[in-house]
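Structure at a glance
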Amino acid sequence: MRETVTPTHCPYCALQCGMNLTPAPDGRAVEVSERADFPVNRGALCGKGRTAPAVLSSSVRLTSPLVRSEGGALAPASWEEALERVAEGLGRTRAEHGADAVGVFGGGGLTNEKAYSLGKFARVVLGTSQIDYNGRFCMSSAAAAGGRAFGLDRGLPFPLEDIPRTGCVILVGSNPAETMPPSLRYFTELRENGGTLIVVDPRRTRTAEQADLHLAPRPGTDLALALGLLHLIVAEGRTDEAYIRERTSGWEEARAAAMAHWPEYVERITGVPVPRLREAVRLFCAPEAAMVLTARGPEQQSKGTDTVGAWINLCLATGRAGRPLSGYGCLTGQGNGQGGREHGQKADQLPGYRKLTDPAARAHVAGVWGVDPDALPGPGRSAYELLDALGTDIRALLLMGSNPVVSAPRAAHVEERIRSLDFLAVCDVVLSETAALADVVLPVTQWAEETGTTTNLEGRVLLRRRAITPPRGVRSDLEVMHELAARLGGEGSPEKGFPTDPEEVFEELRRASAGGPADYSGITYRRLAEESGVFWPCPAPGDPTGGVHPGTPRLFLDRFATEDGRARFAPVSHRAAAEEPDAEYPVLLTTGRVVAQYQSGAQTRRVDELNAAAPGPFVELHPRLAERLGAAEGDPVAVVSRRGRAVAPARITAAIRPDTVFMPFHWAGEGRANTLTNPALDPTSRMPEFKVCAVRVEAVRPVRAARSVPAVVRPAVSPA
Ligand code: SF4
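Residues numbered from 1 in each chain as written. Predicted model: local features only at pLDDT ≥ 70, side-chain atom pairs only at ≥ 80, totals over all residues. Heavy atoms only, no water.

Here's the deal with the site of the ligand
In the vicinity of the ligand, the contacting residues are C10, Y12, C13, L15, Q16, C17, L45, C46, K48, G49, M180 and P182. Looking at the shell around the ligand residue by residue, the class counts come to nine nonpolar, two polar and one charged. (Near = heavy atom within 4 Å. Nonpolar A, V, L, I, M, F, W, Y, C, P; charged D, E, K, R; others polar.)

Remarks on the sheet that holds strand β18 (residues 440–443)
Within the open sheet, the seven strands sit side by side as β5-β4-β18-β17-β16-β6-β7. Their pairing is mixed. The open sheet has two edge strands, β5 (74–76) and β7 (131–133), and neither has a second partner. Across this sheet, the average inter-strand angle for adjacent strands is 15 degrees, counted without regard to direction. Note: strand β17 (residues 423–428) against β18, four bridges, orientation parallel. Along β18, the bridge assignment pairs C427 with L442. Each of β4 (66–68), β6 (102–106), β16 (396–400), β17 and β18 is contacted by helix α3 (residues 79–97), which is oriented at about 130 degrees to β18, the strand it contacts most. (Pairing = 2+ DSSP bridges. Helix = DSSP H or I, 4+ residues; strand = E, 2+ residues; numbered from the N terminus. Axes fitted to C-alpha atoms, helices over the stretch in contact; angles between N-to-C directions. Contact = heavy atoms within 4.5 Å.)

A few points about the environment of I244
For I244, the location among the structural elements is in helix α9 (residues 241–247). The class for I244 is buried, based on a relative accessible area of 6%. Setting aside anything within four residues of it in sequence, one finds I244 in contact with T239, W251, L316, A317, R566 and F569. (Buried < 20%, exposed > 50% of the residue type's maximum accessible area, 1.4 Å probe, protein only.)

Observations regarding the sheet that holds strand β12 (residues 290–294)
The five strands are arranged β10-β9-β8-β12-β13 in an open sheet whose pairing can be described as parallel. Pairing within the sheet leaves two strands with one partner each, and these edge strands are β10 (213–215) and β13 (327–330). Ignoring strand direction, the axes of neighbouring strands in this sheet form an average angle of 15 degrees. As paired elements, strand β9 (residues 196–200) and β10 share three bridges and run parallel to each other. Counterpart to V199 in the pairing with β10 is H214. Here helix α7 (residues 184–192) sits on the sheet and contacts β8 (168–172), β9 and β12; the angle it forms with β9, its principal contact strand, is near 135 degrees. Packed onto the sheet, helix α12 (residues 274–285) meets β8, β9, β10 and β12 and runs at close to 130 degrees relative to β10.

Thoughts on the domain arrangement of the protein chain
Structurally, the protein chain comprises domain 1 (86–137 + 336–443 + 476–503 + 512–518), domain 2 (156–330) and domain 3 (587–699). Distance between the C-alpha centres of domain 2 and domain 3: 26 Å. When domain 2 packs against domain 3, the two sides together hide about 1900 Å² of surface, and 54% of this comes from carbon and sulfur. For the pair domain 2 and domain 3, the number of links is one salt bridge. For E620, the salt bridge goes to R203, with nearest N and O atoms at 3.0 Å. Linking domain 2 with domain 3 are nine residue pairs in polar contact (both at pLDDT 80 or more), by the criterion used here. Its residues placed into classes, the side of domain 2 that touches domain 3 shows six nonpolar, 10 polar and eight charged. (Domains from an automatic or database assignment. Buried area = accessible area lost by both parts, 1.4 Å probe. Salt bridge = Lys/Arg side-chain N within 4 Å of Asp/Glu carboxyl O. Polar contact = N/O pair within 3.5 Å; in protein donor to acceptor, adjacent residues only side chain to side chain.)

Section: the environment of G309
Topologically, G309 is positioned in helix α14 (residues 304–317). G309 sits 168 residues away from S141 along the chain, and the two C-alpha atoms are 9.2 Å apart. Contact partners of G309, with chain neighbours within four places excluded, come to A145, R148 and A570.

Some points on the packing of helix α8 (residues 222–235) against α12
Between α8 and α12, the least distance of the axes is 9 Å, while the angle of their chain directions is 65 degrees. Taken together, α8 and α12 sit at an angle that is classed as roughly perpendicular. Note that α8 runs across α12; the crossing there is right-handed. On α12, the residues that touch L225, L229, L232 and I233 of α8 are L277, R278, A280, V281, F284 and C285. Of the residues in the contact of α8 with α12, the class split is nine nonpolar, no polar and one charged. (Parallel < 35°, antiparallel > 145°, perpendicular 65-115°, else oblique. Left-handed = near helix turned anticlockwise from the far one by under 90°.)

Quick word on α3
Given a rise of 1.5 Å per residue, 19 residues ought to cover 27 Å, and the 27 Å separating the end C-alpha atoms of α3 matches this to within 8%. Residues of α3 that are buried include every one of W79, A82, L83, V86, A87, G89, L90, G91 and T93, and no others. Positioned one or two residues after α3, G98 has a phi angle of 95 degrees, which is positive. (Expected span 1.5 Å × (residues − 1).)

Quick look at the pattern of salt bridges
Two side chains with opposite charge may pair up if their charged atoms get near one another. Scanning all chains against the criterion turns up 44 salt bridges. Between E580 and R218 there is a salt bridge whose closest N-O contact spans 3.4 Å. Of the two residues, E580 sits in the loop between β22 (567–568) and β23 (587–592) while R218 sits in the loop between β10 and α8, which places them 362 residues apart along the sequence. The closest approach of N and O atoms between E433 and R605, which form a salt bridge, is 2.9 Å. Here E433, found in the loop between β17 and β18, pairs with R605, found in the loop between β23 and α23 (608–613); they are 172 residues apart in sequence, far enough to count as distant. One network of salt bridges, with partners in common, ties together E80, E84, E483 and R487.

Details of the side chain of R185
Along the polypeptide, R185 turns up in helix α7. Beyond its immediate sequence surroundings of up to four residues, R185 is in contact with P39, V40, N41 and R42.

A short note on helix α20 (residues 477–488)
The terminal C-alpha atoms of α20 lie 16 Å apart, and with 12 residues this matches the ideal 16 Å at 1.5 Å per residue to within 8%. Those residues of α20 lying buried are D477, L478, V480, M481, L484, A485 and L488. Down the axis of α20, the buried side of the element spans an arc of 155 degrees, and every buried residue falls inside it. Buried residues in α20 make contact with α3, α4 (112–126), β16, β17, β18 and α21 (502–513). The first or second residue beyond α20 is G490, which carries a positive phi of 85 degrees. (Arc of directions from axis to C-beta.)

Printed below as a string of structure tokens:
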């Protein structure tokens with residue numbers, strides 16, 4: 001018998017690695033094998049992707065709806081009863097308190113079809129403006145800065161395959177060795193080809209270990225670092241004046257701001273010695289082509305948009321944007337972090353990356369949806385602001401593909417807000433910490449059980465294919481929206497606007513996105529099945545006999561997407577983080593990920609192999625800090641911020657600055673890192689400041705006699 005092989009993509013991060021799935025012989029749902037023909041990962045997978053099928057057949061998988069009884073417990077219920085309860089809960093809130101009292105919270109892991117349908121469902125069926133998603137926590141500052149500079153936001157404006165062929169890459173606040181390991185080969189190949197890698201990170205991460213130059217600024221100061229580098233670029237006469245003149249605007253203001261940031265001043269702010277700043281400038285400016293790539297480090301700050309803008313300024317001042325093998329890009333985090341921010345689940349957005357405030361965009365999308373443009377609500381609150389309003393302005397919430405009890409900043413407060421809701425419905429595959437608080441939990445299908453598209457960090461639209469039949473008792477998110485539309489949508493057959501077939505949804509998405517910045521109208525499931533993805537924008541041919549648009553792997557080569565075609569410098573200056581250390585909270589906390597867990601851990605914490613590799617939270621701290629506390633490797637230490645207290649074992653390493661501690665954020669309970677984090681928002685992107693807050697660190701056990709602490713596992717961070 002011939003084996004059925006289904007080529008598809010990993011359910012986790014934005015690399016969207018290709019993999020093949022085959023039926024497993026031994027009770028597991030499917031087996032993963034190498035898919036060497038997919039160019040992004042060429043068969044390589046990290047442990048998360050390799051073990052992803054374990055969640056499909058996990059014993060904790062939800063296979064029946066759960067409804068909370070009068071007594072307060074969640075108990076299995078029929079789909080009919082559960083859907084009725086959801087419709088009743090959302091409908092009653094809408095009737096009693098108005099449409100905006102109902103909130104919708106989506107996720108950056110939802111397929112394009114689900115994200116599109118969720119935005120439509122919120123605005124057309126519920127009539128609420130209160131929709132946003134957890135992608136706001138992930139890369140919205142880069143999106144805002146990219147939009148401001150280039151007139152268009154796409155994570156990478158070039159394919160990953162360009163990285164090994166450029167001359168230098170500055171990787172800012174990114175640790176792909178742990179977050180997306182198969183991508184590391186692009187940087188390895190860059191160095192093998194004679195290029196150089198500069199890593200900017202307060203920790204000497206596994207990625208930083210491979211760099212030619214590692215700059216370790218104090219958390220929250222990389223805006224100043226970028227300004228210091230630009231100052232040196234100007235002072236050393238390394239700007240590309242012809243490029244600045246012909247392809248940019250706003251240089252004089254940006255230049256003046258940078259010139260106020262003397263290298264010695266920048267050294268005092270960042271802790272990065274001036275000779276290292278000079279070395280970075282030399283490495284970045286020497287080759288003809290270079291790139292700057294950012295990730296959550298510079299983005300998750302209360303000045304994230306300006307920080308990313310400052311790094312983009314480096315590219316613009318040196319003529320390294322909109323040219324072959326050069327440019328600025330953002331390494332998006334979540335599986336569909338890119339597509340999820342393009343098609344309408346964002347508070348201010350309509351499909352095709354259109355703006356909800358644009359009358360022409362409203363008219364176009366309303367036409368596709370068959371509704372009056374005036375009936376579409378305006379922009380709503382951003383993710384944290386939405387969560388903060390739960391239980392007050394927002395009384396009921398429909399949540400899909402997110403676990404904010406673990407992943408939101410100031411998580412204890414967010415949890416308390418969620419508990420205060422009149423009604424909460426959650427669609428998930430397992431009983432996440434947030435689902436456990438719901439009035440109704442709807443068990444939904446997962447990646448290998450459903451077909452749909454995602455858009456990876458390169459802007460490459462991909463087809464995930466259904467490989468196996470879902471368990472009995474489980475339905476897709478699209479079916480849930482279809483059923484709820486029938487119950488909540490009023491006259492006619494509103495559910496017809498919410499097809500359950502993903503390809504049918506995609507066909508509508510194509511029409512809704514046509515002519516928008518993220519134009520998918522030339523992309524079809526058939527093309528995606530035959531090609532290794534298609535890069536947007538990909539408009540449909542203008543004339544009936546026209547050929548097929550090839551897609552757009554590389555953006556901005558002729559002009560930027562601004563009105564005048566010029567890239568815009570950001571006139572930015574250093575400012576402090578929202579919280580600076582003081583006598584009570586003298587240490588900085590930064591948060592991030594580890595290789596064996598993914599985001600809030602809702603899926604990966606259910607996989608034995610991953611739990612064995614990364615069983616729980618920890619506090620990474622420098623030996624000098626550990627010695628002051630009298631803490632040894634593995635001792636529990638408490639990290640206390642103005643928002644709460646978390647306790648986790650000490651992991652002692654000289655790979656972190658002595659003034660900083662690090663916690664991964666994948667876990668709930670006592671070691672929940674987000675209990676501590678600061679929800680201070682970037683004024684433009686409304687992204688919270690996950691990456692820096694002031695804390696104090698305490699030994700939990702009685703303090704031992706001070707002693708030297710071993711366990712230095714990685715080389716020291718230099719500018720301590
Ligand atoms: Fe999946 Fe990302 Fe790992 Fe690739 S790198 S296998 S997409 S988690």
